[in-house]
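# Observations on chain architecture
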Amino acid sequence: MKRRTKAVIGTALTASLLTGGTALAEGRGWWPGSKEVRVMLPEGQSNPAIATGVVTGGEVALYQSSGLGPTALNPSAPAGSPELYTDPALTQGATGVTVTEAQALVVLRNIKTNLAAAGLTLADVITMKCYLMKPPGSDTADYAGWNRAYRQYFANIDLTSKEVVPVPMGTSAPKAPLVANKARPARATMEVASLAVRGWLVEVEVTAAYKKR
């Protein structure tokens, strides 16, 4: 390859890196310290739901969960139905809670338990992937219900005031979340055609970072 061609390619690559992550390119540069976890958040927002990205240093110990779904905790529901995989105790007193939302509340609580077994908490989560199926009779997955459940466990402390932000459950008035947590993972949510267990509408996997030692 000729030197001029190499130079052109190098310039193009540099430009793509800079335009793809302006915040990372500023200040200290995008390369993290060996034990650093750096979360990139949208500018000008005091309570964003998710991070735009996260970077970890080479010596950061990470934990990767499997995809976790809801537990069958509603014995009054028919076998194999989405309602079976909800916990009425979690939504007691709330109105307008969707089945996706109710399942997601169980899933996120299961993730909390899973992390605790590994010596971690929800505050240590840095990335998340959520897979949703559309509820029976619906045209699309219930993203709104998922997002309400998510705020019960994540991204519910204002980054400016440091105060806990009330969140709604279903159509009920907002109140204190189930878990106060300022963590905002880099997150992706997608609709899928099927999940491993009949009746599941939600499956979530997370990556969490151990604190510095």
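In the block above lies the structure referred to throughout.
These figures come from a predicted structure and were not determined experimentally. (Residues numbered from 1 in each chain as written. Predicted model: local features only at pLDDT ≥ 70, side-chain atom pairs only at ≥ 80, totals over all residues. Heavy atoms only, no water.)

## What to know about the pairing of strand 5 (residues 186-191)
With 6 bridges joining them, strand 4 (residues 125-132) and strand 5 adopt parallel strand pairing. Counted as the bridge partner of threonine 127 is alanine 186 from strand 5. After leaving strand 4, the chain enters helix 4 (residues 143-153) and then returns to the sheet as strand 5, a path that is right-handed. (Pairing = 2+ DSSP bridges. Helix = DSSP H or I, 4+ residues; strand = E, 2+ residues; numbered from the N terminus. Right-handed = clockwise from strand over helix to strand, strands pointing away.)

## Notes on helix 3 (residues 99-117)
In a regular helix each residue adds 1.5 Å, so 19 residues correspond to 27 Å; helix 3 covers 27 Å between its end C-alpha atoms and thus fits that length. Burial in helix 3 covers these residues: Val99, Thr100, Glu101, Ala102, Gln103, Ala104, Leu105, Val106, Val107, Leu108, Ile111 and Leu115. Buried residues in helix 3 make contact with strand 3 (62-64), strand 4, helix 4 and strand 6 (202-209). Taken from the residues just after helix 3, glycine 119 is the one with a positive phi, measuring 80°. (Expected span 1.5 Å × (residues − 1). Buried < 20%, exposed > 50% of the residue type's maximum accessible area, 1.4 Å probe, protein only. Contact = heavy atoms within 4.5 Å.)

## Considering the nonpolar core
Counting residues in hydrophobic clusters, the biggest one holds 39 residues, and the most contacted among them are Ile111, Trp146, Phe154 and Val204. Listed by contribution, the elements that provide at least two residues to this core are helix 3, strand 4, helix 4 and strand 6. Residue contributions to this core peak at 8 residues, all from helix 3. Once residues lying within four places of it in the same chain are set aside, the contact partners of phenylalanine 154 are Leu108, Leu122, Val125, Met128, Asn181, Ala183 and Pro185. (Core = buried A, V, L, I, M, F, W, Y, C linked by side-chain atoms within 4.5 Å.)

## Some points on a nonpolar patch on the surface
Residues Val37, Val39 and Leu41 make up a contiguous nonpolar surface patch of roughly 190 Å² in combined accessible area. As for its position among the elements, leucine 41 is in the loop between strand 1 (37-40) and strand 2 (53-56). (Patch = residues over 30% accessible without salt bridge, like charges linked within 9 Å, V, L, I, M, F, W, Y side chains within 5 Å. Areas by Shrake-Rupley, 256 points an atom, 1.4 Å probe, with all protein chains shown as cover. Salt bridge = Lys/Arg side-chain N within 4 Å of Asp/Glu carboxyl O.)

## Here we look at the environment of proline 168
As for its placement among the helices and strands, proline 168 is situated in the loop between helix 4 and strand 5. Dropping the residues within four chain positions of it, proline 168 is found in contact with Glu101, Arg148, Gln152 and Pro174.

By themselves these figures say nothing about function.
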